[in-house]
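The chain contents come next:
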Amino acid sequence: MADGIAIPVQVKIHVQEMVKTEFEIQNIIQDIRKCYGPLSLLNDINLKVKQKLNSLRQKVECLEQVAFEQDKESDRLAILAVMQHHRKELSNLQTSIRKANLDSKAIIDKSEKEELLGRQSSSNMRQRNFNKENLAKTASNITQDLRSIARMMESQVKQSEADMQTLASSSAQIKDTQDEYKGLSGIIQTSKNLLNKYNRREITDRLLIFFGLVLFFSTVLYILKKRLPIFGG
């Protein structure tokens, strides 16, 4: 309220309510300055201060209407002077609210950027750790696979060596068998030759026996013919 200005008693209560609302708005402005986020909280505070500003604006307009309703020019001028004072106060409060919001939003934006950068840094760190772990795991898996392949190759080499030894042993046995077959073939050929020889001798012996028998019977018949009259006629 401006100093040195007298106003009628009937409007003092209305002015006191305006002053009370202005103090409430100033307190809310302090809350805006102290608001460091989140942005939703700042929006809630601004909604509250907007309601108070509308209430104060209505009171100022109401006070102006009361001034024009006064019969005395002095009362009208006094009330208008008080109204102008509080209208200026309303304008100052609006300016303070805008400045407080700008300051608070700047702090919130800075805080959110720092938090975002922190999360990104943390995310990048986790990603790098994750990539390192994946690389280490992949390298370990590759090493295990290579070891498994090496064991399989070693097993295959040992199996091949065993197969080669088996083949070598089989080849030696086959060679021995071939040698035995060769020996048996010689024996068989010799036996065949002996059998052929024995067969020829058997035929010769049979012919000799046959001719001997013929000679024997011829001799017997000749003797009988000479000795017995029945054969001599």
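The name that an unreviewed UniProt entry assigns to the chain is Sec20 C-terminal domain-containing protein, with the source organism given as Porites lobata. The UniProt entry for the chain carries this comment under Sequence similarities (unreviewed entry): "Belongs to the SEC20 family." Under Subcellular location (unreviewed entry), UniProt gives the following word-for-word description of the chain: "Endoplasmic reticulum membrane".

In terms of helices and strands, the chain carries 4 helices and 0 strands. Counted from the first residue to the last, the chain has its helices and strands arranged as α-α-α-α. A buried classification covers 17% of the 233 residues belonging to the chain. A separation threshold of at least 6 residues defines the contact pool for the chain, and within that pool the share at least 24 residues apart is 71%. As displayed, the chain has an accessible area near 18200 Å², and 58% of this comes from carbon and sulfur atoms.

Applying the stated rule across the entire model yields 5 salt bridges. Between E24 and K52 there is a salt bridge, with the nearest N and O atoms lying 2.8 Å from each other. Note that E24 is positioned in helix α1 (residues 12–34) and K52 in helix α2 (residues 39–68), a separation of 28 residues in sequence. By relative accessible area, which is 25% here, E24 ends up partly exposed.

On the UniProt side, "transmembrane region" (unreviewed entry) is annotated at positions that read residues 207–224 here. Each end of residues 207–224 is marked by a C-alpha atom, and these two atoms are 25 Å apart; helix forms 100% of the span and strand 0%.

In this model α2 runs 43 Å from its N-terminal to its C-terminal C-alpha over 30 residues, within 8% of the 44 Å that 1.5 Å per residue would give. Every buried residue of α2 is accounted for by L42, I45, N46, V49, L53, L56, K59, V60, L63 and A67.

Below, the discussion takes up the nonpolar core. I25, I29, I32, V49, L56, L63 and I97 are the most contacted members of the largest nonpolar core, which totals 25 residues. Taken together, the elements giving at least two residues each to this core come down to α1, α2 and α3 (73–227). Once residues lying within four places of it in the same chain are set aside, the contact partners of L63 are V11, H14, V15, M18, I79, V82 and M83.

Right, let's get into the packing of α1 against α2. For the pair α1 and α2, the least separation of the axes is 10 Å and the interaxial angle reads 160°. Viewed along their axes, α1 and α2 adopt a mutual orientation that is roughly antiparallel. In the crossing of α1 with α2, the sense of the turn from one axis to the other is left-handed. On α2, the residues touching H14, V15, E17, M18, T21, E22, E24, I25, I28, D31 and I32 of α1 are L42, I45, N46, K48, V49, K52, L53, L56, K59, V60, C62 and L63. For the contact of α1 with α2, the per-class residue count stands at 13 nonpolar, 3 polar and 7 charged.

All right, on to the packing of aromatic side chains then. Going through the model one piece at a time under the given rule, you end up with 2 aromatic pairs. Between F210 and F211, the ring centres sit 5.8 Å apart and the planes meet at 65°, which makes this aromatic pair edge-to-face. In terms of burial, F210 and F211 fall into one category: exposed. On the basis of an interplanar angle of 70° and a centroid distance of 5.5 Å, the ring pair of F216 and F217 is categorised as edge-to-face. Overall, F216 belongs to the partly exposed group, its relative accessible area being 48%.

Here is what the cut-offs are and how they apply
Residues numbered from 1 in each chain as written. Predicted model: local features only at pLDDT ≥ 70, side-chain atom pairs only at ≥ 80, totals over all residues. Heavy atoms only, no water. UniProt positions renumbered as here; feature names shortened; annotations may be inferred. Helix = DSSP H or I, 4+ residues; strand = E, 2+ residues; numbered from the N terminus. Buried < 20%, exposed > 50% of the residue type's maximum accessible area, 1.4 Å probe, protein only. Contact = heavy atoms within 4.5 Å. Areas by Shrake-Rupley, 256 points an atom, 1.4 Å probe, with all protein chains shown as cover. Salt bridge = Lys/Arg side-chain N within 4 Å of Asp/Glu carboxyl O. Expected span 1.5 Å × (residues − 1). Core = buried A, V, L, I, M, F, W, Y, C linked by side-chain atoms within 4.5 Å. Axes fitted to C-alpha atoms, helices over the stretch in contact; angles between N-to-C directions. Parallel < 35°, antiparallel > 145°, perpendicular 65-115°, else oblique. Left-handed = near helix turned anticlockwise from the far one by under 90°. Nonpolar A, V, L, I, M, F, W, Y, C, P; charged D, E, K, R; others polar. Phe/Tyr/Trp six-rings, centres within 6.5 Å; stacked < 30°, edge-to-face > 60°.

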